[in-house]
Amino acid sequence: MTEHTNPETLEIPFRTLGAAFADYAGRHPGKTAIHAIDQGISITFGELNSLTNRIATRMMSEGIRGGDRVAIL
C-alpha cells in the first residue's frame, strides 16, 4: 500500500455517513435529494433529514440500539 492509499496517512477527517448527511442537509436543505422520475415528485435534503430523524426516533422508542441489525422494506 502506498502512502497515498494508506488510510492512516490520509488527511481527510473521519466522519460517519450520518454526520456527513446531516451536515450537507444543514447546509443545503432545499436541494433535491431524491427525485422519482416516474412519479414526478422530489424530496429535499431538509425533508429527507426530517424524515430519517423521525424514523430513527421511532426505532429508538421501540428499543433498537446501536449495533442492532434492522431490515427496512
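Anyway, here's the lowdown on the structure attached to this text.

1. Notes on helix 2 (residues 45-61)
(1) Moving on: Across its 17 residues, helix 2 extends 24 Å between first and last C-alpha, which sits within 8% of the 24 Å expected from 1.5 Å per residue.
(2) Moving on: Here helix 2 has its buried residues at F45, L48 and N49. The buried residues of helix 2 occupy an angular sector of 100° when the element is viewed end-on, so they sit on one face. More than 90 degrees from the buried face of helix 2, the exposed residues found are R54, T57, R58 and S61.
(3) Moving on: Its buried side turned inward, helix 2 meets helix 1 (17-27), strand 1 (32-36) and strand 2 (41-44).
(4) Moving on: Of the residues one or two after helix 2, G63 is the one with positive phi, at around 100°.

2. Some words on the pattern of salt bridges
(1) Moving on: Counted by the stated rule, this structure contains three salt bridges.
(2) Moving on: A salt bridge links R27 to D23, with the shortest nitrogen-to-oxygen separation between them at 3.3 Å. Of this pair, R27 and D23 both sit in helix 1, separated by four residues, roughly a single helical turn.
(3) Moving on: Taken together, the salt bridges that share partners define one network made up of R15, D23 and R27.

3. Digging into the packing of helix 1 against helix 2
(1) Moving on: Interaxial distance between helix 1 and helix 2 falls to 8 Å at its minimum, and their mutual angle equals 135°. Classified by the angle between their axes, helix 1 and helix 2 sit oblique to one another. The hand of the helix 1/helix 2 crossing is left-handed. Where helix 1 abuts helix 2, its residues F21, A22, Y24 and A25 lie against F45, L48, N49 and T52.
(2) Moving on: Split into classes, the residues belonging to the contact of helix 1 with helix 2 amount to six nonpolar, two polar and no charged.

Rules used throughout
- Residues numbered from 1 in each chain as written.
- Predicted model: local features only at pLDDT ≥ 70, side-chain atom pairs only at ≥ 80, totals over all residues.
- Heavy atoms only, no water.
- Helix = DSSP H or I, 4+ residues; strand = E, 2+ residues; numbered from the N terminus.
- Expected span 1.5 Å × (residues − 1).
- Buried < 20%, exposed > 50% of the residue type's maximum accessible area, 1.4 Å probe, protein only.
- Arc of directions from axis to C-beta.
- Contact = heavy atoms within 4.5 Å.
- Salt bridge = Lys/Arg side-chain N within 4 Å of Asp/Glu carboxyl O.
- Axes fitted to C-alpha atoms, helices over the stretch in contact; angles between N-to-C directions.
- Parallel < 35°, antiparallel > 145°, perpendicular 65-115°, else oblique.
- Left-handed = near helix turned anticlockwise from the far one by under 90°.
- Nonpolar A, V, L, I, M, F, W, Y, C, P; charged D, E, K, R; others polar.

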